[in-house]
Amino acid sequence: MLSIDRSIIDAIVAHARRDHPDEACGVVAGPAGSDTPTRHIPMDNAARSMTFYEFDSMEQLRVWREMDDRDEEPVVIYHSHTATEAYPSRTDVSFAGEPGAHYLLVSTREPDTEEIRSFRIVDGVVTEEPVEIVDAAVDPNAVQSYMFGQSPATVDYECSGR
Amino acid sequence: MAIEVRIPTILRSYTGGAKIVEGSGDTLADLLTDLDSRHAGLRGRLVTDAGALHRFVNVYVNDEDVRFLGALDAKLNDGDSVTILPAVAGGAFGFAAAAAIASHSAATAATASHARSARAVAVR
């Protein structure tokens, strides 16, 4: 399960909306071994594309070194799909190189609502997990849980023969 | 003196869990061959069958991306620091990545099974 503060989710969604219709991408770092995302780092999409994202390699080196210096790791790696569902594409699976990370996808295809889902991607195998959004700002003891859709029930755009 | 190489989490299974290993070589290609003699299989994760640097990884010499230094021909000196990171990329539909993906059978199989289950749901 991914447990993440609402303020971070809000910042990720705002980033995805801002860059729409291009895909947005970034990282949420957290203390190594904690599995707790604490520091939101929006990244440039070097591909500037509606269907592809890619971290700028030099920005990535800087951010990864900074995490190393602070004894952090990439707890969440997120990106948006701007016209399709929030499910990892073939491309996403091929590139997934952080077996310890939660791969968070935000779909901004609907103007008013966001679909937010999280996955583990290890050795090419995709496993969806629940997302728990924590309202720490209101009351750290009051935890609200939201379960997002667990099974892909929509058209698989990748396989539409385009 | 030797060349320090930083290994990302996903490749530490080849280095016995070590985050930093040392190697030697005049070029990146030589260094990877040297590393592979002690960490068998590591080179294969970084270099394609065609002998080019893999699309799925970023390799840096000191502060430079080796793609701008001649890739596998990048010159190395004792005391250099080499960093390997998994490239972070993806997206809804990456034409540029399609060719690279064709060789990635595990991923293709995983998404194919997803496509089947998605279609099964859609049909119902």
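Up top is the structure these notes are about.
Numbers given to residues run from 1 along each chain, matching the order in which its sequence is written. Note on labels: chains are lettered from A, ligands numbered from 1, in written order. Owing to the predicted nature of the model, reporting of local features is limited to residues with pLDDT of at least 70; listing and counting of side-chain atom pairs is limited to 80 or more, with chain, interface and lining totals taken over all residues. Think of the side-chain values as coming from all heavy atoms in the structure, minus any hydrogens and water.

Caption draft 1: Region of the structure containing the sheet that holds strand β3 (residues 39-43) of chain A. Residue and element names in this part refer to chain A. Taken together, six strands build an open sheet; the order of strands is β3-β2-β5-β6-β7-β8 and the sheet is mixed. Here the strands that pair on one side only, and so sit at the sheet edges, are β3 and β8 (125-129). Pairwise comparison of adjacent strand axes, ignoring direction, gives a mean angle of 30° for this sheet. Here the rule is simple: two strands pair whenever DSSP picks up at least two bridges between them. Numbering of helices and strands runs from the N terminus; a helix is a DSSP stretch of H or I covering at least four residues, while a strand is a stretch of E covering at least two. Where strand β6 (residues 102-107) meets strand β7 (residues 115-122), five bridges bridge the pair, whose relative direction is antiparallel. When the sheet's bridge partners are listed, Tyr103 is paired in β7 with Phe119. Against the sheet, helix α1 (residues 6-19) touches β2 (25-31), β3, β5 (72-81), β6 and β7, its axis set at about 10° to β3. A contact between two residues is defined here by any heavy atoms of the two lying within 4.5 Å. The axes used here are C-alpha line fits, helices contributing only the stretch in contact, and every angle between their N-to-C directions lies in the interval 0 to 180 degrees. Lying over the sheet, helix α2 (residues 57-69) contacts β2, β3 and β5, oriented at roughly 170° with respect to β3.

Caption draft 2: Inspection of the packing of aromatic side chains at higher detail. Residues and elements named next belong to chain A. Within 6.5 Å between ring centres, the rings of Phe, Tyr and Trp (the latter by its six-membered ring) count as paired, and their orientation is classed by plane angle as stacked under 30 degrees, edge-to-face over 60, tilted in between. Following the criterion strictly, the structure yields five aromatic pairs over all chains and no others. Consider the rings of Tyr87 and Phe119, whose centres lie 5.1 Å apart with planes at 75°: the pair is edge-to-face. Of this pair, Tyr87 sits in the loop between β5 and α3 (90-95) while Phe119 sits in strand β7, and the two are 32 residues apart along the sequence. For Tyr87, a relative accessible area of 13% gives the class buried. Working definition: with a 1.4 Å probe on protein chains only, accessible area under 20% of the residue-type maximum means buried, over 50% means exposed, and in between means partly exposed.

Caption draft 3: Just α1(A), in detail. All names here are of chain A. Here α1 contains 14 residues, and its C-alpha end-to-end distance of 20 Å stays within 8% of the 20 Å for a straight helix at 1.5 Å per residue. Looking only at α1, the buried set comprises Ile8, Ile9, Ile12, Val13, His15 and Ala16. With its buried residues spanning 155° around the axis, α1 presents them on a single face. Helices are assigned an expected span. That span is 1.5 Å times one less than the residue count. Think of the arc as the fan of directions from the helix axis to the C-beta atoms.

Caption draft 4: Highlighting the pattern of salt bridges. Residue and element names in this part refer to chain A. What counts as a salt bridge is simple: a side-chain nitrogen of Lys or Arg found within 4 Å of a carboxyl oxygen of Asp or Glu. One pass over the structure, following the stated rule, counts 17 salt bridges over all chains. Where Arg6 meets Asp135, a salt bridge forms, and the shortest distance between an N and an O atom there is 2.7 Å. Remark: Asp135 occurs in the segment after β9 (131-134) and Arg6 occurs in helix α1; sequence separation between them is 129 residues. For the salt bridge of Glu85 with Arg117, the shortest nitrogen-to-oxygen distance reads 3.5 Å.

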